[in-house]
Amino acid sequence: MDIHIGFFRAKAVGEYFDLKRTYKDFRYWLIAEGYMSSETVGFPERYFYQSETQKDGKMFFIWWRPAKSLGAFSGGLGRSSPTSVKFYKALKINMIGEKFREAEIMHQGKKIKVNKGTFEVIVHATLHFGMPGWEEGSDFKKGLFDLFWMRIYKKSIDMYKKEALNDMYKLQAHMKKIMNMETWKPEGQTFEPHFGLPETEF
């Protein structure tokens, strides 16, 4: 069962970006907030499409689906027994780039290569609560599942709804900051996680 918490859109039209730096910055924020691992294995990118024409420039679509386990009873995000509880926060992140072209900007007497185009991020925040062995079982088990989530876990669900909404607002503020901070500048400060990460090329 997925409980939709909220969504936001952030869009910058015809702006200059360093797309590689923006991509890294976004990923580092999600790592620091516990939504994904710093390891490249298991990276939650579910879809990537890119095309380029002389007329319209470069277009891309990127879908990320990071998630974060909740509580001691969450059972984690991996394999578990049929009766275990699957409880986690999830972010449905869609990134869309349109009419991107390579460009150059003069900054402090130096030419800097940048990307110019329209960049949009759409994020939906959800809570997932499930007991696969019960939801998909007999009517008796389905009835027990309804009892569990509606009564026993109701307080936890209500608490994590607020937490997931707060995460969404933090991410919204961070994405707007990225879009306004001129990431193409060499001296620009992008997000830096509070722990060390291995150097990884994207």
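Above this text you will find the structure in question.
Right, let's walk through the structure included here. (Residues numbered from 1 in each chain as written. Predicted model: local features only at pLDDT ≥ 70, side-chain atom pairs only at ≥ 80, totals over all residues. Heavy atoms only, no water.)

### Re the overall build of the protein
Line of reasoning, step 1. Secondary structure summary: the protein contains four helices and six strands in total.
Line of reasoning, step 2. Beginning at the N terminus, the succession of helices and strands in the protein can be written as β-α-β-β-β-β-β-α-α-α.
Line of reasoning, step 3. Every one of the 202 residues in the protein was classed for burial, and the buried ones make up 41%.
Line of reasoning, step 4. Within the protein, contacts between residues at least 6 apart in sequence are counted, and of these 70% link residues at least 24 apart.
Line of reasoning, step 5. Entry remark: accessible area of the protein is about 12,000 Å², with carbon and sulfur atoms responsible for 52%. (Helix = DSSP H or I, 4+ residues; strand = E, 2+ residues; numbered from the N terminus. Buried < 20%, exposed > 50% of the residue type's maximum accessible area, 1.4 Å probe, protein only. Contact = heavy atoms within 4.5 Å. Areas by Shrake-Rupley, 256 points an atom, 1.4 Å probe, with all protein chains shown as cover.)

### With respect to the nonpolar core
Line of reasoning, step 1. Residues Phe 26, Leu 30, Trp 64, Ile 93, Phe 119 and Val 121 are the most contacted members of the largest nonpolar core, which totals 39 residues.
Line of reasoning, step 2. Sorting the residues of this core by element identifies strand S1 (2-17), helix H1 (19-32), strand S3 (57-64), strand S5 (86-107), strand S6 (110-130) and helix H4 (154-180) as the ones contributing at least two each.
Line of reasoning, step 3. Per-element tally for this core: the top contributor is H4, with eight residues.
Line of reasoning, step 4. Dropping the residues within four chain positions of it, Ile 93 is found in contact with Phe 26, Leu 30, Ile 62, Trp 63, Trp 64, Arg 65, Pro 66, Val 121, Ile 122 and Val 123. (Core = buried A, V, L, I, M, F, W, Y, C linked by side-chain atoms within 4.5 Å.)

### Quick notes on the pairing of strand S2 (residues 45-53)
Line of reasoning, step 1. By the bridge criterion, eight bridges tie S2 to S3 in an arrangement that is antiparallel. By the bridge assignment for S3, Phe 48 is matched with Ile 62.
Line of reasoning, step 2. Connecting S2 to the antiparallel partner S3 that follows it, the hairpin turn spans three residues. (Pairing = 2+ DSSP bridges.)

### Points about the pattern of salt bridges
Line of reasoning, step 1. The final tally for this structure, using the stated rule, is five salt bridges.
Line of reasoning, step 2. A salt bridge links Lys 89 to Asp 167; the shortest N-O distance between them is 2.6 Å. Of the two residues, Lys 89 is situated in strand S5 and Asp 167 in helix H4; the sequence distance between them amounts to 78 residues.
Line of reasoning, step 3. With a shortest N-O distance of 3.9 Å, Lys 170 and Asp 167 are connected by a salt bridge. (Salt bridge = Lys/Arg side-chain N within 4 Å of Asp/Glu carboxyl O.)

### Topic: the pairing of S3
Line of reasoning, step 1. With six bridges connecting them, S3 and S5 associate as antiparallel partners. Across the sheet, the residue bridging to Ile 62 is Met 95, located in S5.

### Re the packing of aromatic side chains
Line of reasoning, step 1. All chains considered together, the criterion is met by nine aromatic pairs.
Line of reasoning, step 2. Taken together, a centroid distance of 6.1 Å and an interplanar angle of 55° make the contact between Phe 17 and Phe 100 tilted. Note that Phe 17 is positioned in strand S1 and Phe 100 in strand S5, a separation of 83 residues in sequence. Note on accessibility: Phe 17 and Phe 100 belong to one class, buried.
Line of reasoning, step 3. For the ring pair Phe 26 and Trp 64, a centre distance of 5.2 Å and an interplane angle of 40° mean the geometry is tilted. Of the two residues, Phe 26 sits in helix H1 while Trp 64 sits in strand S3, which places them 38 residues apart along the sequence.
Line of reasoning, step 4. By way of ring pairs, the aromatic residues Phe 17, Phe 60, Phe 100 and Phe 119 are connected into one cluster. (Phe/Tyr/Trp six-rings, centres within 6.5 Å; stacked < 30°, edge-to-face > 60°.)

### Looking at unusual backbone geometry
Line of reasoning, step 1. Of note, the phi angle at Lys 99 is positive, near 55°, even though the residue is not glycine.
Line of reasoning, step 2. Positionally, Lys 99 belongs in strand S5.

### Side note on the packing of H1 against H4
Line of reasoning, step 1. At their nearest, the axes of H1 and H4 sit 11 Å apart, and the two run at 160° to each other. Judged by the angle between their axes, H1 and H4 are roughly antiparallel. Here H1 and H4 pass one another in a crossing that is right-handed. For the pair H1 and H4, contact is made by Thr 22, Asp 25, Phe 26 and Trp 29 and by Asp 167, Lys 170, Leu 171, His 174, Met 175 and Ile 178, respectively.
Line of reasoning, step 2. For the contact of H1 with H4, the per-class residue count stands at five nonpolar, two polar and three charged. (Axes fitted to C-alpha atoms, helices over the stretch in contact; angles between N-to-C directions. Parallel < 35°, antiparallel > 145°, perpendicular 65-115°, else oblique. Left-handed = near helix turned anticlockwise from the far one by under 90°. Nonpolar A, V, L, I, M, F, W, Y, C, P; charged D, E, K, R; others polar.)

So far we have only geometry, and geometry alone does not tell us how the molecule works.
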